Amino acid sequence: MNIINEAEAVLSQALSIELAAGEVVYILHPGQILSFQGASAQREDQLMDIAGIYRKRKFVQSRISGPVKFMIGLPTGFSMQTIPITAGSDLLFEWKHVMFYTAGMKVDRRVQTFKNAVITRELVKMKFTAEDGLLGVISHGPLYRMELDPVRPTYVDVSCLVAYPENAQLKPVVYGNTLASQHMNYHWEITGKGYVLLQTSKSDGQLERDLEGGGFIKRILREVIPFGGVFIK
């Protein structure tokens, strides 16, 4: 399988995927397919129910077999990275981050604790294993790989965590002093072996307003005056 960036920018907005004869991939976001060069029969859309995880919620996926070439478009600010998957892989993902996976992949579900599911709004994580497979992962901004420590915890913003090892221990927390903990999103306190994958683009409305030149005085007034954030633009 050959993957080509269709733009020179780091966050390419289009990717070309070329499959040789006998190669098969499953596209989990078929609406992102922009162009297709091949026989019509080489694309087969089907209802997806892998491992019985969503018996009430069905998703459509596309099975594409080579030889064929097709292009995938990505939303603004998003990027895609391929992750090699082998029999020893133990990373857990959410479906929303998976663009495609190659044929022969085994998919197992891992149900989260109720507390973690409430925070992430996702009940199930997915584990992919294969003798020699490839996973296409989409993220908001480039992916960053961070090594974990079995003893010293790593704190990761809940909204930025894309994948983590199954053996890792996760606990939702806030950290720092009182002021810090009152002004931050929930973080995962993670310990374990292996690495986590983080998406590195994070929206911050206050930062964006500051960069647009809102000014120091306006910022103080927004913070001090009741409902200042509503009335002072």
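I will try to describe carefully the structure that is included in this document. (Residues numbered from 1 in each chain as written. Predicted model: local features only at pLDDT ≥ 70, side-chain atom pairs only at ≥ 80, totals over all residues. Heavy atoms only, no water.)

Turning next to the overall build of the protein. Summing up its helical and strand segments, the protein has five helices and 19 strands in all. Sorting the 233 residues of the protein into buried and exposed places 41% on the buried side. In the form shown here, the protein has an accessible surface area of approximately 13,500 Å², with 54% of it arising from carbon and sulfur atoms. (Helix = DSSP H or I, 4+ residues; strand = E, 2+ residues; numbered from the N terminus. Buried < 20%, exposed > 50% of the residue type's maximum accessible area, 1.4 Å probe, protein only. Areas by Shrake-Rupley, 256 points an atom, 1.4 Å probe, with all protein chains shown as cover.)

Next up on the list: the pairing of strand β7 (residues 68–73). On a regular strand, each side chain points to the face opposite its neighbour's, so the side chains alternate between the two faces of the sheet. As judged from the six bridges shared by strand β2 (residues 14–19) and β7, these two strands associate in the antiparallel manner. Bridge pairing in β7 places Leu-19 opposite Val-68. Summarising the sheet, strand β4 (residues 33–37) and β7 pair through four bridges and their orientation is antiparallel. The residue of β7 that forms the bridge with Gln-37 is Lys-69. (Pairing = 2+ DSSP bridges.)

Side chains bearing opposite charge may pair, as long as their charged atoms lie close to each other. Evaluated as defined, the whole model comprises seven salt bridges. Between Arg-110 and Glu-166 there is a salt bridge, with the nearest N and O atoms lying 2.3 Å from each other. Separated by 56 residues along the polypeptide, Arg-110 in strand β11 (residues 106–111) and Glu-166 in the loop between β16 (161–165) and β17 (169–173) bring together distant segments of the chain. Accessibility expressed as a relative area gives 27% for Arg-110, which makes it partly exposed. A salt bridge links Glu-189 to Lys-171, with the shortest nitrogen-to-oxygen separation between them at 3.7 Å. Of this pair, Glu-189 sits in strand β18 (residues 187–191) while Lys-171 sits in strand β17, and the two are 18 residues apart along the sequence. (Salt bridge = Lys/Arg side-chain N within 4 Å of Asp/Glu carboxyl O.)

With respect to the helices and strands, the residue Thr-129 is situated in strand β12 (residues 124–129). With sequence-adjacent residues up to four places away left out, Thr-129 is seen in contact with Ile-85, Thr-86, Ala-87, Ser-89, Gly-104, Met-105 and Lys-106. (Contact = heavy atoms within 4.5 Å.)

Across the sheet, which stays open at both edges, the six strands sit in the order β11-β12-β9-β16-β19-β14 with antiparallel pairing between neighbours. The open sheet has two edge strands with one neighbour each: β11 and β14 (143–147). For this sheet, the mean angle separating the axes of adjacent strands, direction not counted, is 30 degrees. Bridging between strand β9 (residues 91–93) and β12 involves two bridges; their strand directions are antiparallel. (Axes fitted to C-alpha atoms, helices over the stretch in contact; angles between N-to-C directions.)

The strand order across the open sheet formed by three strands is β15-β18-β17, and the pairing between neighbours is antiparallel. Each edge of the open sheet is held by one strand with a lone partner, namely β15 (154–157) and β17. Mean inter-strand twist for the sheet, computed between neighbouring axes without regard to direction, equals 30 degrees. As paired elements, β17 and β18 share five bridges and run antiparallel to each other. Within β18, the residue paired with Lys-171 across the bridge is Glu-189.

So, on to the environment of Glu-189. For Glu-189, a relative accessible area of 21% translates into the label partly exposed. Residues Glu-189 and Arg-152 lie 37 residues apart in sequence; the distance between their C-alpha atoms is 9.6 Å. Engagement of the side chain of Glu-189 in a polar contact is seen with the side chain of Tyr-155, the distance being 3.3 Å. (Polar contact = N/O pair within 3.5 Å; in protein donor to acceptor, adjacent residues only side chain to side chain.)

Turning to its location among the elements, Thr-191 is positioned in strand β18. Excluding anything up to four places from it in sequence, Thr-191 contacts Asp-149, Pro-150, Val-151, Arg-152, Pro-153, Ala-168 and Gln-169.

Our next topic: the environment of Val-107. Positionally, Val-107 belongs in strand β11. Residue Val-107 is classed as buried on the basis of its relative accessible area of 8%. Between the C-alpha atoms of Val-107 and Met-126, which are 19 residues apart in sequence, the distance is 6.6 Å.

The next thing to look at is the packing of aromatic side chains. This structure, assessed with the given rule, holds five aromatic pairs. Three or more aromatic residues link up through ring pairs in this structure, and these residues are Tyr-26, Phe-93, Trp-95, Tyr-101 and Phe-128. One residue, Arg-145, lies across the ring of Tyr-195, its end atom 3.7 Å from the ring centre. (Phe/Tyr/Trp six-rings, centres within 6.5 Å; stacked < 30°, edge-to-face > 60°. Lys NZ or Arg CZ within 6 Å of the ring centre and 35° of its normal.)

Right, let's talk about unusual backbone geometry for a bit. Cis geometry marks the peptide bond from Gly-66 to Pro-67; its omega dihedral reads 5 degrees. Looking at the element boundaries, Pro-67 is found in the loop between β6 (59–65) and β7.

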